[in-house]
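Notes for the structure review
Single-letter residue listing:
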Amino acid sequence: MRLIACLSALVVTACATAPGPSGPPDFSPISTTASVNARLYADCIAQAARTGRYGHAHDEVHVVVFTCDGEPARAFFEALGPWAAAQNSEVVVGDRLIRSTTRIERDLFAADWCERRGEVHACNISLRTGEFAQP
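Residues numbered from 1 in each chain as written. Predicted model: local features only at pLDDT ≥ 70, side-chain atom pairs only at ≥ 80, totals over all residues. Heavy atoms only, no water.

Bringing helix α3 (residues 70–87) into the picture now. With 18 residues, α3 should reach 26 Å at 1.5 Å per residue; the first-to-last C-alpha distance of 25 Å fits that figure. Along α3, the sharpest kink reaches roughly 45°, centred on G81 and followed within four residues by the proline P82. Within the span of α3, buried status applies to P72, A73, F76, F77, L80, G81 and A84. Those residues of α3 that are buried are in contact with α2 (36–51), β2 (62–69), β3 (90–93), β4 (96–100), β5 (113–117) and β6 (120–128). (Helix = DSSP H or I, 4+ residues; strand = E, 2+ residues; numbered from the N terminus. Expected span 1.5 Å × (residues − 1). Bend = angle between axes of the 7 residues up to and from the residue. Buried < 20%, exposed > 50% of the residue type's maximum accessible area, 1.4 Å probe, protein only. Contact = heavy atoms within 4.5 Å.)

Structure (structure tokens):
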């Protein structure tokens with residue numbers, strides 16, 4: 001019992017002394033670097049924008065989902081192969097081979113993922129937007 005009381009005191013002390021924001025927000029631009037994988041996102045989103053294949057979805061968060069197919073989707077799907085194998089984020093569902101950028105715990109909501117059905121490829125890229133994008 002004494003151990004529980006000591007641990008509780010440590011947790012309360014740690015929470016009370018955790019550093020908070022130390023001033024106003026920093027609005028400096030974020031530095032970026034070139035990325036081959038970022039190009040895969042850009043190509044998919046560009047095709048989705050050209051063809052009007054995007055829409056809003058929400059549960060706890062709001063997202064715009066961009067859907068591409070053809071060459072941009074095939075390239076993204078193929079590039080995901082080694083990554084999905086290492087992350088354990090490749091699954092077979094019926095006739096679909098699905099690869100995602102993160103391991104799926106519950107469902108595909110807000111995940112970035114691609115699938116192959118036979119020789120047909122498609123990808124869904126989710127962009128977190130907040131409520132601004134809702135209909």
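This next bit is on the environment of D112. As for its placement among the helices and strands, D112 is situated in the loop between β4 and β5. Look at D112 and you get buried, because its relative accessible area is 12%. D112 sits 14 residues away from S126 along the chain, and the two C-alpha atoms are 5.9 Å apart. Those residues in contact with D112 that sit more than four places away from it in its chain are Y41, R99, S100, T101, N124, I125 and S126. Within the structure, D112 has its side chain in polar contact with the side chain of Y41 (distance 3.2 Å). (Polar contact = N/O pair within 3.5 Å; in protein donor to acceptor, adjacent residues only side chain to side chain.)

Turning our attention to the sheet that holds β5. The sheet built from 6 strands is open, its strands ordered β1-β2-β6-β5-β4-β3 with antiparallel pairing. Each of the sheet's edge strands pairs with one partner strand only, and the pair in question is β1 (54–58) and β3. Between one strand axis and the next, the sheet turns by 25° as a mean value, whatever way the strands run. As paired elements, β5 and β6 share 5 bridges and run antiparallel to each other. Residue C114 lies in a different strand from β6, and its bridge partner there is C123. Lying on the sheet, α2 is in contact with β1, β2 and β6; it crosses β2 at an angle near 90°. Sheet strands touched by α3: β2, β3, β4, β5 and β6. Its angle to β6, the strand with the most contacts, is close to 80°. (Pairing = 2+ DSSP bridges. Axes fitted to C-alpha atoms, helices over the stretch in contact; angles between N-to-C directions.)

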